[in-house]
There are 2 protein chains.
Amino acid sequence: MRDFSPQVMAKRNYIFDTIRRSFQLYGFEQIETPTMENRETLTGKYGDEGDSLIFNVLQRGDKLSKALVNPELKAANKSDFDEVAFFNKNVSNLADMALRYDLTVPFARYVVQHQNDIAFPFKRYQIQPVWRADRPQKGRYREFYQCDADIIGSDSILNEVELVKLFDEVLSNLGMKSFSIKLNNRKILSGISEVIGRPEKIIPITVAIDKLEKIGLEKVNEELSQRGLSADELEKIQPLFKIQGSNDEKLNQLSSFLKDSEIGLKGIEETKFILDTVNSLGLNKAILEIDVTLARGLDYYTGAIFEVVSNEAKMGSICGGGRYADLTGIFGLKNMSGVGISFGADRIYDVMEELSLFPESATATTQVLFINFGEKEAGYCLNALQQLRAENIRAELYPDASKMKKQMKYANDKKIPFVVMVGEDEMNSGQLSLKNMESGEQTTVDISKLISSVNL
Amino acid sequence: MRDFSPQVMAKRNYIFDTIRRSFQLYGFEQIETPTMENRETLTGKYGDEGDSLIFNVLQRGDKLSKALVNPELKAANKSDFDEVAFFNKNVSNLADMALRYDLTVPFARYVVQHQNDIAFPFKRYQIQPVWRADRPQKGRYREFYQCDADIIGSDSILNEVELVKLFDEVLSNLGMKSFSIKLNNRKILSGISEVIGRPEKIIPITVAIDKLEKIGLEKVNEELSQRGLSADELEKIQPLFKIQGSNDEKLNQLSSFLKDSEIGLKGIEETKFILDTVNSLGLNKAILEIDVTLARGLDYYTGAIFEVVSNEAKMGSICGGGRYADLTGIFGLKNMSGVGISFGADRIYDVMEELSLFPESATATTQVLFINFGEKEAGYCLNALQQLRAENIRAELYPDASKMKKQMKYANDKKIPFVVMVGEDEMNSGQLSLKNMESGEQTTVDISKLISSVNL
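Think of each chain on its own: its residues are numbered from 1, step by step along the sequence as written. Chain A is the first chain written and ligand 1 is the first ligand written, with later ones labelled in order. Where local features are concerned, this predicted model is filtered to residues with pLDDT of at least 70; where side-chain atom pairs are given and counted, the filter is 80 or more; whole-chain, interface and lining totals use all residues. For the side-chain quantities, the full set of heavy atoms in the structure was used; hydrogens and water were omitted.

Draft legend 1. Structural detail: the overall build of chain A. What chain A contains, in helices and strands, is 18 helices and 16 strands. For a compact globule of 456 residues, the expected C-alpha radius of gyration is about 23 Å, and chain A comes in at 29 Å, more than 25% above that figure. Once the C-alpha set of chain A is aligned to its principal axes, its extents read approximately 95 × 70 × 45 Å. The buried label applies to any residue whose accessible area, calculated with a 1.4 Å probe on protein chains only, is under 20% of its type's maximum; exposed applies above 50%, and partly exposed to all values in between. Residue burial in chain A is summarised as follows: out of 456 residues, 58% are buried. Partitioning the contacts of chain A with sequence separation of at least 6, the portion at a separation of at least 24 is 69%. By element, 46% of the accessible surface of chain A is carried by carbon and sulfur atoms, the whole surface being about 19700 Å². For chain A, the centre of its 56 positive side-chain charges and the centre of its 66 negative side-chain charges are spaced 3 Å apart. Only runs of H or I of at least four residues qualify as helices and only runs of E of at least two qualify as strands under DSSP, and these elements are numbered from the N terminus. Both definitions apply: the radius of gyration is a C-alpha atom measure, and the globule rule equals 2.2 Å times residues to the power 0.38. Residue contacts are defined here by distance: any two heavy atoms, one from each residue, within 4.5 Å place the two residues in contact. Per-residue and other accessible areas were derived by the Shrake-Rupley procedure at a 1.4 Å probe size, with only the shown protein chains allowed to occlude residues. Neither His nor the chain ends contribute to the count of charged residues, in which Lys and Arg are positive and Asp and Glu negative. The atom standing in for a charge is NZ when the residue is Lys, CZ when it is Arg, CG when it is Asp and CD when it is Glu.

This is how it looks when you write it as structure tokens:
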């Protein structure tokens, strides 16, 4: 897990602030949920692999004593001992809570719990860390931030349009010059498996199609055949792989491929609505692209599926999202359709770093440092300091009367652009010596000139 | 643990933003440390009671299996079984990490770990949640935010002056009209126990004195006597309880009380410097008060001690802090003196709520809602929406063409001040119908008039 230094924090805040501002501009309101949820709120929601990546929190006090000192532990060395059962049972005895694994499940729990206080459709955003006990590797961390915006309680496809615009707004504002918002629809994927006569095979078929770009057509066909598609069915699916051209051309080809699937055509209709509406509004830097091989989060998405990739830096998907017909059903609130997107702050950070997109102002820190020449001079500077701060200028006085070299090094290390020196002469004349650290230029100014110089 | 609704989050952000802005104005830079630290980084730092309040994180995978299925567990039911030893040993086998208990220890760990990358004196701030397995009660939560600012690597008392100013700045900016910054010094407390001839009794003496306001003089004397002070020693301490008057008067009385204690007089000198310097600069709404009974964090504070209380609301201390001569020694970096303060965001929230100090702008959400009359009208509104957002106006379109009443209720629930209606007429004329939700007034405007009306 990572410490964030001042320089890194400043850049991270630049990302979070940009995202937050756009979320608010689009009418989303912030919530926060606790770091720890009851264990049973999280378990069983992310599949077996997900479950194994959840961080569990140990019981405390008497309950922990009881869990540790209990007769069942005697069984641990008997020959007919069932290790897995023992393990599972003991984890649920030992751990009552678990750390947030994503923002979606706690959000669903929140909506159900507070349903009577919420104005639906509920447009909420949430920017908080989540934890996964993954093996750490480049671009994957055990603690990382998710930035989610969801609209829940509305079936309208206008929400999808708004979210596409929101992707465009945020990433353009962050300075990205070219990125693709890939668009697919779970109904199109259902249509495909229906058309080839194997609706029950939607998941293996989609998983195989998803690899087209990575492993090529031949390998995909091999995999489809291994996964149980007959030669006849394989032939039926081939036109799908030839779909190409502009979005409209893709939609036309897809329409004829899916002409006999009601659900498939519904997916095309939704996709066309999103495309047409977004096109009529225009996009800033984003390119909106239909991608029928896109298949993320298949477990719960039921309509539109989004994924965003940078066209300037190699870095997998930096954002994602989609529509789900039933997010809150697991917690007892049925028929709550929603659509949401998530910005991957850490990957966005890496892309921005690679492309040098952070503006200098993002990491600006103290603007003016007062050099400390001793007690009397420092006292004089404190007054000036106070006047600068009243003008919203970030300013500080070096606290010790250390050697000049040390104080200047501090200004350099902290990248402070202006240094002010006040000695006997300056105190007598009421003037200040101002050094511009970039140009090296040194001038004598009064306090109002100092304020205007800094604000230039 | 708590969920935070949009209204509450908006108010919390108002507090955090105000604190953050002042921290930056004073030259502090933000860091963040991970939620989880290695268990041994935290244990043994907060006393036995603190240790028992730490949330531990269960091992995962093979290590957990090994911890659970091990021969030692067989011992659990033998007659000579040592439950405490078993318990401690097993917790350290079962849990490798623990949740941040405060921001101070992780900060000390951070400074030692990154000492070569830090420009000292290091002025850092940190705003993050911490966790304590306390029994929840009013004003005390298991997950709560701390907002800390520390200067480490400088002995200068100017830092204390800056921190007093920072308390004043933040709490005045939050709208508090009267609050006291109580000031004491660990050296004064040492001096007191020295003067009565029992320097080794500093802690019991201080703990008793600390209760003066709560339990009265008689009970304090009883307690001091129970804690081992002789009649003679008790008599020696009595002048301390009669100290009163202005800060200067208090300091004078204290000086004569502590005249034979070198360390005590040093404490007075430091306190006088802080008082005089702060007085020459002036304070906004704060009252700076010497309080010789103040004794927080005695375990590691070595100089100035601060505590802030509201004079308008009953709520214990809302901020605290002090100087420590050696924060990083436990992690192997000696002689690193520092001074820091902490804002208790949750208590500040409660005080502000009680005193109705949150401005309306703090909870402002969407400024303009477009009513949805159907697909064609909605399409028209999307364009207007886009123009408002380009002017930084927070605006949204109700996503479904629901009944008017439902849409208006949504605007009311979300406290949206302006509602725009666009029907056939408006689409033809290029005008919009604007309803001011507070006055009820309805006008016909074009888009630029709409923008100026909202920005009024």
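Draft legend 2. Main features of the interface of chain B and chain A. On the chain A side, the residues contacting the 93 residues of chain B number 92 residues. Carbon and sulfur atoms make up 62% of the area that chain B and chain A hide from each other, which totals about 7700 Å². Summed over the three residues of chain B that lose the most area to chain A, namely D3, L25 and R389 of chain B, the buried surface amounts to 9% of that side. Think of a salt bridge as a Lys or Arg side-chain nitrogen and an Asp or Glu carboxyl oxygen that are within 4 Å of each other. On inspection of chain B and its partner chain A, the count reaches six salt bridges. Two parts placed together each lose some accessible area; with a 1.4 Å probe, that loss summed over both constitutes the buried area.

Draft legend 3. Local environment of the relation of the copies chain B and chain A. Placing chain B over chain A gives an RMSD of 0.0 Å and needs a rotation angle of 180°, together with 0.0 Å of translation along the axis. Accordingly, the operation relating the two chain copies is best matched by a two-fold axis. The atoms used to superpose the copies are C-alpha atoms, taken from residues with pLDDT of at least 70 in both, and the fit is least squares.

Draft legend 4. Local environment of the sheet that holds strand β14 (residues 418-421) of chain B. Residue and element names in this part refer to chain B. DSSP-based pairing: two strands are paired if at least 2 bridges between them are found. Pairing within the open sheet is mixed, and its five strands lie in the order β13-β12-β14-β15-β16. This sheet does not close on itself; its edge strands, each paired only once, are β13 (395-397) and β16 (442-445). Going across the sheet, the axis of each strand differs from the next one's by a mean of 25°, ignoring polarity. Structural elements are reduced to axes, namely lines fitted to C-alpha atoms, with helices fitted over the stretch in contact, and the angle between N-to-C directions of any two is expressed from 0 to 180 degrees. Sitting on the sheet, helix α18 (residues 447-455) touches β12 (368-370), β14, β15 (432-436) and β16, and the angle it makes with β15 is about 15°.

Draft legend 5. Local environment of the environment of M404 of chain A. All names here are of chain A. You can see M404 is positioned in helix α16 (residues 404-413). Residues M404 and I118, 286 residues apart in the sequence, show an inter-C-alpha distance of 59 Å. Not counting the four nearest positions on each side in its chain, M404 is found in contact with I371, F373 and M421.

Draft legend 6. Fine view of the sheet that holds strand β11 (residues 338-344) of chain B. Residue and element names in this part refer to chain B. Taken in spatial order, the eight strands make up an open sheet running β1-β5-β6-β11-β10-β9-β7-β8, and their pairing is mixed. At either end of the open sheet lies a strand with only one pairing partner, and these are β1 (29-30) and β8 (286-290). Along the sheet face, helix α8 (residues 186-195) touches β7 (179-185) and β9 (304-310) and points at about 50° away from the line of β7.

Draft legend 7. Geometry of the confidence of the model for chain A. Here pLDDT means the predictor's own confidence in every residue, given as a number from 0 to 100. Summarising the model, chain A shows a mean pLDDT of 92, and 96% of its residues fall at 70 or more. Across the assembled chains, the prediction reports ipTM 0.93 with pTM 0.94.

Draft legend 8. Quick look at the pattern of salt bridges. A full pass over the atoms with the stated rule returns 45 salt bridges over all chains. Across the pair E160 of chain A and R323 of chain A runs a salt bridge whose closest N-O atoms are separated by 2.7 Å. Note that E160 of chain A is positioned in helix α7 (residues 158-173) and R323 of chain A in strand β10 (residues 317-324), a separation of 163 residues in sequence. Judged by its relative accessible area of 7%, R323 of chain A falls in the buried class. In this structure, R140 of chain B and D134 of chain B form a salt bridge, with 4.0 Å as the shortest nitrogen-oxygen distance. A residue is classified by how much of its surface remains accessible, and R140 of chain B, at 39% relative accessible area, is partly exposed. Here the salt bridges do not stand alone but share partners, grouping R2, R12 and D346 of chain A into one network.

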